[in-house]
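Architecture at a glance
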Amino acid sequence: ARGGRDDAATFDANVDQYMSPDMVYESVGFGNWQTPHGWAKGEEHNYGMAFPETIFTQMLFFGDEEIATTTTYGKALWKGDLFGVKAP
């Protein structure tokens, strides 16, 4: 999944490749989601409406076969409403 840069079929294929079907995704600000489909309809959709094209750089990643965490920075142009706040 590349922040607004892939067509829907490529996006779905990438999500399926890298996310476990029984995943639990916890996010500050965008809520918690279960399954890749739930994440795509939740955080990905809500974030993507405000920031339709983002470039992410993963700085830190820690994990094992059961759990993972990351610190990732993104560069984006704010184009849509975010939690009711209009884009500049």
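I will try to describe carefully the structure that is included in this document. Every value quoted in this text rests on a predicted model; they were computed, and no experiment measured them.

This part covers the environment of lysine 41. Within the element layout of this structure, lysine 41 appears in helix H2 (residues 36-50). For lysine 41, a relative accessible area of 58% translates into the label exposed. For the pair lysine 41 and isoleucine 55, spaced 14 residues apart in sequence, the C-alpha to C-alpha distance is 20 Å.

Attention shifts here to the pattern of salt bridges. Applying the stated criterion to the full structure yields 1 salt bridge. One salt bridge connects lysine 86 with aspartate 81, and the closest N-O pair in it is separated by 3.2 Å.

As a further point, take the packing of aromatic side chains. On inspection of all chains with the given rule, the structure shows 7 aromatic pairs. On the basis of an interplanar angle of 10° and a centroid distance of 6.1 Å, the ring pair of phenylalanine 11 and tryptophan 39 is categorised as stacked. Placement of phenylalanine 11 in helix H1 (residues 8-18) and of tryptophan 39 in helix H2 is noted, with a sequence separation of 28 residues between them. Grouping residues by exposure puts phenylalanine 11 and tryptophan 39 together as buried. With centroids separated by 5.9 Å and ring planes inclined at 70°, the aromatic side chains of phenylalanine 30 and tyrosine 47 adopt a geometry described as edge-to-face. Taken as a pair, phenylalanine 30 in the loop between strand E1 (24-27) and strand E2 (31-34) and tyrosine 47 in helix H2 lie far apart in primary sequence, 17 residues in all. Look at phenylalanine 30 and you get buried, because its relative accessible area is 16%.

Quick notes on the rules
- Residues numbered from 1 in each chain as written.
- Predicted model: local features only at pLDDT ≥ 70, side-chain atom pairs only at ≥ 80, totals over all residues.
- Heavy atoms only, no water.
- Helix = DSSP H or I, 4+ residues; strand = E, 2+ residues; numbered from the N terminus.
- Buried < 20%, exposed > 50% of the residue type's maximum accessible area, 1.4 Å probe, protein only.
- Salt bridge = Lys/Arg side-chain N within 4 Å of Asp/Glu carboxyl O.
- Phe/Tyr/Trp six-rings, centres within 6.5 Å; stacked < 30°, edge-to-face > 60°.

Keep in mind these numbers describe shape, not what the thing actually does.
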